[in-house]
Amino acid sequence: MMLVLDLDGTLFDTSARWHECKKLSREDRKTLFWVPDRVFWECYQSPRFMNLDEPKWKVIRFVKRLIEEKEPEVIAVVSGRSEKQRKETLKQMSNIGIETNEIVLRGEKDFRKDYEFKKFVIRELMEKYDQNKAIVIDDSDVVLKYLEEEEIEVIDAKTIAKGEKKENMNTL
């Protein structure tokens with residue numbers, strides 16, 4: 001079994017980084033109408049404010065218990081974060097104490113929808129590591145729905161964070 005983890009919104013609260021990048025984007029409104037979004041995303045997908053990300057300890061504890069109980073052969077991170085964020089991402093993962101076999105981040109020119117990117121990467125990882133089952137923990141309703149339709153087991157990180165995860169992990 002392979003365990004696949006998302007980062008932003010799942011293992012980390014990135015709202016402070018989001019807020020700082022939004023402020024920068026608003027400050028740049030004197031330029032062309034489409035520039036603020038570009039300014040925002042360039043900021044958000046850079047390491048600039050990643051030090052503001054906060055670990056979501058409730059989710060992290062759940063993940064660590066799941067790892068203990070299920071003993072996955074492979075633990076991978078699949079995130080829409082940019083490759084420019086790899087160094088900071090590795091530090092963050094080290095700081096929360098979750099070791100992975102692989103961390104897959106979005107390439108610089110990869111503009112696929114998050115659910116398309118993640119489905120493709122997860123299938124690729126399952127093949128690479130010869131895994132016929134994956135459990136994915138993510139916070140995106142669209143990603144979760146899309147993966148479920150592909151018969152990939154999913155856990156909604158939002159329900160873990162709110163303490164609504166009532167299922168016993170042994171039933172997964």
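Reading guide: rules and limits
Residues numbered from 1 in each chain as written. Predicted model: local features only at pLDDT ≥ 70, side-chain atom pairs only at ≥ 80, totals over all residues. Heavy atoms only, no water. Core = buried A, V, L, I, M, F, W, Y, C linked by side-chain atoms within 4.5 Å. Buried < 20%, exposed > 50% of the residue type's maximum accessible area, 1.4 Å probe, protein only. Helix = DSSP H or I, 4+ residues; strand = E, 2+ residues; numbered from the N terminus. Contact = heavy atoms within 4.5 Å. Pairing = 2+ DSSP bridges. Axes fitted to C-alpha atoms, helices over the stretch in contact; angles between N-to-C directions.

S.K.: Sorry, what's going on with the nonpolar core here?
M.R.: Nonpolar side chains tend toward joint burial in soluble globular proteins. Counting 23 residues, the largest nonpolar core has Leu5, Leu11, Val63, Met93, Ile98 and Ile137 as its most contacted members. Per element, the largest residue contribution to this core is 5 residues, and it comes from helix α3 (residues 57-70). Those residues in contact with Leu5, other than ones at most four positions away along the chain, are Leu11, Val63, Ile75, Ala76, Val77, Val78, Ile98 and Ile137. Among the nonpolar cores identified, the runner-up in size contains 18 residues, and Phe117, Met126, Val136 and Leu147 belong to it.

S.K.: I would appreciate a short explanation of the sheet that holds strand β4 (residues 74-82) in the present structure.
M.R.: The strands making up a sheet associate through hydrogen bonds between their backbones, and the pairing can be parallel or antiparallel. Across the sheet, 5 strands lie side by side as β5-β4-β1-β6-β7; this open sheet has parallel pairing. Here the strands that pair on one side only, and so sit at the sheet edges, are β5 (102-106) and β7 (153-156). The sheet shows a mean angle of 20° between the axes of neighbouring strands, direction not considered. With 4 bridges connecting them, strand β1 (residues 2-5) and β4 associate as parallel partners.

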